[in-house]
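So you can see what is in the structure, the chains are spelled out below.
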Amino acid sequence: KARIFCLLPSFGVGRPSRRGCPSVRADLGWGERWCSRAGRLRARNNITARMNKAASPSLEHRVTAAQVVCKKLRTVKDPDAYFDTAQHEFSVALRTMSLDLLDSLDRRLNALGEKVARLEATTRKVVISRDARAGAQEIAANFAAQQERAEKSLLSLWLQGYVRRLPRLTANANDHEEDVDLLLDAVDFAFCRCALNVAISSSSVSQEKLMSSRVVSILISMVDGANKAMQQTRNKSNDQSISNSATLDAAALVTGPCLMALAHLARRGDLVCSQIADANGILVVINCMRIVQHPTVLAQACRTLSTLSLLPQNRQQIANRKGINILVQLLAASQLSPIPGDYCLSAEFNGLQVNESIQEAALAAFTNLTNSSEPNRQLVAELGGIEHIVSCVLFARHGGPVRNAAQAIANVAYGSHFSVARCIMARADVAICSAIGATDFLDEDRLLEAAYRALANMALDEAARTGLASGDAMTWCVRGLQKCGYVHVLRAAAHATAAIAYKSRANKAQFAQLGALAACVRVVSEFGCGSLAHTRHYLSAVHATSLAACTLLSFSPNHLVFEDCYGIEMYTTLCETTEHLEILNVGAMVLASVAPSASGRWEAQAEGRTLHFEKTAGLQALVRCEKWVFSNSSSPHWLHQAISALQMSPIQLDEVQATHQSSSGKLSAHDLELFPQEYLFEEVLALTTLDHIVTNSPDLRNLAFRLY
């Protein structure tokens with residue numbers, strides 16, 4: 001009881017009065033057993049602090065409950081009842097405090113668990129981020145190491161391309177087993193590797209840095225020095241000893257990488273290309289072509305000359321330096337060996353034999369030199385270059401020389417009547433048709449494009465069109481429209497078809513018999529209608545095909561063939577649905593070509609016939625073209641005339657017919673072409689394919705390594 005009474009003040013319960021329990025105070029020695037006042041205060045404060053620390057947010061509620069218990073105990077007079085009540089209230093308070101402590105402990109454990117979970121998640125994120133950074137750094141380090149190894153491997157491959165043909169000296173003339181030397185000293189090797197490093201780094205250095213570093217002058221000086229060394233060696237001794245051959249090849253080993261570096265630098269821009277020409281680089285390259293005997297170096301010299309001719313002002317300078325003469329002589333000396341890989345070069349152009357890599361590079365140079373240069377076209381024709389180009393088309397074993405030869409013929413024939421006549425005399429059309437016949441229509445798209453472009457450019461005048469029609473050119477043009485799915489091939493074949501049929505009634509009738517109109521409708525139906533992305537991709541092909549259909553339909557007997565293949569309905573749908581203004585314009589041009597004239601409508605009305613065109617929505621398609629294409633300008637004569645004829649009433653048709661009968665006659669449809677012939681001709685540049693460059697893409701790099 002004494003212990004319980006000692007705890008009661010901590011709950012706000014007062015001490016029993018003297019009157020309530022005098023015997024208890026006397027027996028227990030209240031003054032002796034009870035602690036001092038300071039001790040009681042410390043005990044009460046400690047208990048209160050522990051209770052407040054473990055208390056729930058409803059502390060005020062428990063203070064109120066303690067006050068209620070205190071009042072209840074004050075009302076009890078009997079000591080036993082007082083003791084029982086106090087014991088009961090103390091048990092309740094203790095259980096309540098225990099439950100509050102447990103609840104508080106649960107809350108603190110839950111908070112601690114949440115903190116641990118957050119700490120674990122944060123730690124996991126930190127670890128993942130650290131691992132990701134470490135992995136990225138590892139990948140970057142591996143890529144840098146592999147890129148460095150790739151550059152070294154690429155330099156080694158380029159060097160082997162020039163070294164593999166070098167003969168080796170032996171210690172004894174009768175002993176062919178022991179190799180002694182390549183006659184390649186440290187200076188030559190240093191120059192070679194320097195040029196190769198310039199070539200490999202040209203794509204990552206700015207154009208201004210390349211020009212200010214004077215690396216162009218250094219490379220040209222190296223080539224010039226190698227040329228002089230080779231020329232001196234050839235002048236001193238005319239024998240074909242191993243020592244002289246090795247010396248010439250060692251000098252060529254310096255020339256080849258320098259020419260490669262010049263070609264790479266010339267592709268960086270017009271400023272660098274112009275700087276090479278100003279540093280007398282064109283003359284040095286041409287002199288190298290005269291002297292060098294190494295086939296790989298000679299092919300590289302042709303590629304460098306082709307790259308330099310990309311700049312228009314360099315083309316005439318190359319011609320003045322006799323560059324075209326040397327290229328013609330190279331093609332004239334191209335006698336293909338029946339044994340693949342047997343490449344033998346003599347010191348002079350007479351009897352010179354070249355491989356197909358030299359032919360391909362020389363033909364690319366012809367293509368660029370004749371681009372936008374009528375004097376160079378005339379010079380190539382006068383020097384007999386067309387005949388040698390045609391020979392390359394006929395006898396080359398691979399597609400590269402044939403493609404470049406067709407491009408060269410296309411550029412030589414572009415807008416030059418003299419060159420076109422020489423091409424027809426050399427039977428260039430027969431050679432190109434044979435090349436098309438030997439080509440897979442689903443694979444060799446670039447060759448087919450160049451061949452069809454050459455046929456189109458050769459159809460410059462009536463005589464040339466007649467010569468083309470006498471061969472198989474028309475058949476292969478129609479077959480290209482029927483079978484091909486490449487945009488550029490369809491465009492070139494359509495241009496060739498339109499050029500051969502332009503202002504030629506006989507050719508238009510023959511094209512219709514071969515199925516050219518049905519092929520045009522096929523192209524429009526497959527590639528002209530559909531989604532916007534699909535039609536945008538085939539925009540040029542549909543436009544060129546519509547031009548071909550337009551010129552074929554200027555011959556009125558072909559209208560029935562066009563109606564039989566549902567061409568009017570197809571082009572009406574095209575004009576009503578297309579979102580491309582150029583397609584709408586050329587589609588309306590086709591409909592205007594097949595639309596009935598006022599005289600035709602009057603004759604059909606007099607005979608009681610209904611024209612097929614009037615059954616379709618052709619008039620609405622023409623009106624849509626006039627509304628959208630020519631909204632800000634006056635409509636052309638052909639469109640205005642077609643719409644006016646279709647909108648005439650029967651009375652107006654009678655008046656027009658009476659006026660027409662009183663006139664001298666109607667214009668011939670043979671002379672009616674709705675677009676100029678220049679739309680069908682095109683000249684191109686042959687972008688020289690550079691040697692393999694280390695790429696920054698790991699996928700492409702791995703692919704290149706697998707190819708190697």
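For the structure, check the block above.
None of the values given here were measured: they were computed from a predicted structure.

**Some thoughts on unusual backbone geometry**
And then number 1: A positive phi angle is found at Ser-372, which is not glycine, with a value near 55°.
And then number 2: For Ser-372, the location among the structural elements is in the loop between helix H16 (356-369) and helix H17 (374-382).
And then number 3: By relative accessible area, which is 54% here, Ser-372 ends up exposed.
And then number 4: One non-glycine residue, Arg-427, lies in the positive phi region at around 60°.
And then number 5: Following the sequence through the fold, Arg-427 ends up in the loop between helix H20 (417-425) and helix H21 (428-437).
And then number 6: Given the relative accessible area of 41%, Arg-427 is considered partly exposed.

**Some words on a nonpolar patch on the surface**
And then number 1: On the surface, Leu-99, Leu-102, Leu-105, Leu-109, Leu-112 and Val-116 cluster together into a nonpolar patch covering about 570 Å² of accessible area.
And then number 2: Among the secondary structure elements, Leu-102 is positioned in helix H6 (residues 79-163).

**Description of helix H33 (residues 598-607)**
And then number 1: Restricting attention to buried positions, one finds in H33 the residues Ala-598, Ser-599, Arg-601 and Ala-604.
And then number 2: Looking at the residues trailing H33, positive phi occurs at Gly-608, about 75°.

**Quick notes on the pattern of salt bridges**
And then number 1: On inspection of all chains with the given rule, the structure shows 15 salt bridges.
And then number 2: Across the pair Arg-403 and Glu-360 runs a salt bridge, and its minimum N-O distance is 3.4 Å. Residue Arg-403 is found in helix H19 (residues 399-413), and its partner Glu-360 is found in helix H16; the two are separated by 43 residues along the sequence.
And then number 3: For the salt bridge of Glu-614 with Arg-601, the shortest nitrogen-to-oxygen distance reads 2.8 Å. Here Glu-614 is found in helix H34 (residues 612-615), whereas its partner Arg-601 is found in helix H33, with 13 residues between them in sequence.
And then number 4: For Glu-614, a relative accessible area of 36% gives the class partly exposed.

Parameters at a glance
Residues numbered from 1 in each chain as written. Predicted model: local features only at pLDDT ≥ 70, side-chain atom pairs only at ≥ 80, totals over all residues. Heavy atoms only, no water. Helix = DSSP H or I, 4+ residues; strand = E, 2+ residues; numbered from the N terminus. Buried < 20%, exposed > 50% of the residue type's maximum accessible area, 1.4 Å probe, protein only. Patch = residues over 30% accessible without salt bridge, like charges linked within 9 Å, V, L, I, M, F, W, Y side chains within 5 Å. Areas by Shrake-Rupley, 256 points an atom, 1.4 Å probe, with all protein chains shown as cover. Salt bridge = Lys/Arg side-chain N within 4 Å of Asp/Glu carboxyl O.

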